[in-house]
Structures are given as C-alpha cells and as structure tokens.
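Chains, contacts and geometry: an overview
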Amino acid sequence: CIFCRIATGEIPAQIVARSDHAVAFRDLSPQAPTHVLVIPTSHLASAAEATGEAGAALLGEVMALGVRVAAELGLAEAGYRFVMNTGREGGQTVHHLHLHVLGGRQMRWPPG
Ligand code: DGP
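In this report, we go over the structure that sits alongside the text. (Residues numbered from 1 in each chain as written. Predicted model: local features only at pLDDT ≥ 70, side-chain atom pairs only at ≥ 80, totals over all residues. Heavy atoms only, no water.)

This part is about the sheet that holds strand β3 (residues 34-40). Across the sheet, five strands lie side by side as β1-β2-β3-β5-β4; this open sheet has antiparallel pairing. Since the sheet does not close on itself, it has two edges, and those belong to β1 (15-19) and β4 (80-83), each with one partner. Adjacent strand axes in the sheet meet at a mean angle of 20° when their direction is disregarded. Bridging between β4 and strand β5 (residues 99-103) involves four bridges; their strand directions are antiparallel. Each residue of the ladder has a partner; that of phenylalanine 82, found in β5, is valine 101. Packing against the sheet, helix α2 (residues 52-72) makes contact with β1, β2 (22-26), β3, β4 and β5, and its axis sits at approximately 135° to β1. (Pairing = 2+ DSSP bridges. Helix = DSSP H or I, 4+ residues; strand = E, 2+ residues; numbered from the N terminus. Axes fitted to C-alpha atoms, helices over the stretch in contact; angles between N-to-C directions. Contact = heavy atoms within 4.5 Å.)

Have a look at this one:
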C-alpha cells in the first residue's frame, strides 16, 4: 500500500505533521492552494472499516490532526474543507483511509 509506505518513510512525501498514530503530508496532485492528506499510520482500507471503539479513536485522531494542520498552515480563519472519499461511488482511489484537508480558495457546493 502506497500510503503505508509513506507512513514508514519508505516512499518520500512532504510531511507536514505527525501525531502518535497519524501522519499528514502534501497531496501529490493538489486541488487547492493547500491540499494535505492525513492518514492513520496503521492500514485501514477506508472509513467504512473504522468501526467500533478503535475505529472511532482512529477517526478522531485523524480529524484532530487535520484540525491542527489547518491551523498551522493558516487556514483556520478563512476556513477549509475536510473530505473523506469512501469506496467506489465516494471516488476513493487510494485504499488506505485518508482525510483531505483543502484550503486557500473558495470551495463550492455541491461537490462533483
Ligand atoms: P482519493 O481519490 O480520495 O483516494 O485521493 C487519493 C489522493 O492521493 C489523490 O488526491 C492523490 C494522492 N496521491 C496518490 N498517490 C500519492 C503519492 O504517492 N504521494 C502523495 N503525496 N499523494 C498521492
């Protein structure tokens, strides 16, 4: 899994922050002036697998790191968007749970 290998440092990425069980790095194909991905360091295919207490704790840590990164990158005042594509119709292409943190421009709704 490509994101597992980013988490271990086997594949280089522009890491912006870490917590105990999560890591944040710049998206290779940014869709906004700031585009960071936050992943759990342990493999979970998608949010659909983040069940039970362990899943809730992991999602909490990923979201919390997203909030911290958004603040550290100066997005908090103007606002930003969290996206977690899940499964085929959700548009997920990398099957390791990840949170997109997008900011630096006006977001639109509804998403595509
Ligand atoms: P999603 O479509 O939600 O599964 O998003 C996957 C994102 O992962 C996409 O925005 C591009 C990004 N991505 C894919 N491969 C790599 C990689 O090797 N390095 C980095 N930094 N980002 C990647």
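Around the ligand, the surrounding shell holds 15 residues, and the nearest of these are Asp27, Asn85, Thr93, His98 and His100. Within the contact set of the ligand, an oxygen atom lies 3.0 Å away from a backbone nitrogen or oxygen of valine 94. For the ligand, the accessible surface in isolation is 510 Å², of which the surrounding protein chains cover 83%. Spatially, the ligand is embedded in the largest pocket. Listing elements by their share of the shell around the ligand, those giving two or more residues are α1 (2-8) and β2. When residues in the shell around the ligand are grouped by element, the largest group, three residues, is from α1. When the residues that make up the shell around the ligand are grouped by side-chain class, the tally is seven nonpolar, six polar and two charged. (Near = heavy atom within 4 Å. Polar contact = N/O pair within 3.5 Å; in protein donor to acceptor, adjacent residues only side chain to side chain. Areas by Shrake-Rupley, 256 points an atom, 1.4 Å probe, with all protein chains shown as cover. 1 Å grid on protein atoms, 1.4 Å probe; cavity = no way out; pocket = protein on both sides within 12 Å on 5 of 7 lines; lining within 4 Å. Sits in = over half its atoms within 2 Å of the grid points. Nonpolar A, V, L, I, M, F, W, Y, C, P; charged D, E, K, R; others polar.)

A complete count under the given rule lists two aromatic pairs for this structure. Arranged with centres 5.4 Å apart and planes meeting at 75°, the rings of phenylalanine 3 and phenylalanine 25 form a pair that is edge-to-face. In this pair, phenylalanine 3 is assigned in helix α1 and phenylalanine 25 in strand β2, connecting sequence segments 22 residues apart. Aromatic pair tyrosine 80 and phenylalanine 82: ring centres 5.3 Å apart, planes at 50°, arrangement tilted. Residue classification places phenylalanine 82 among the partly exposed positions, given a relative accessible area of 25%. (Phe/Tyr/Trp six-rings, centres within 6.5 Å; stacked < 30°, edge-to-face > 60°. Buried < 20%, exposed > 50% of the residue type's maximum accessible area, 1.4 Å probe, protein only.)

The amide bond that connects tryptophan 109 to the next residue, proline 110, takes the cis arrangement and shows omega of 5°. Position of proline 110 relative to the elements: it lies in the segment after β5.

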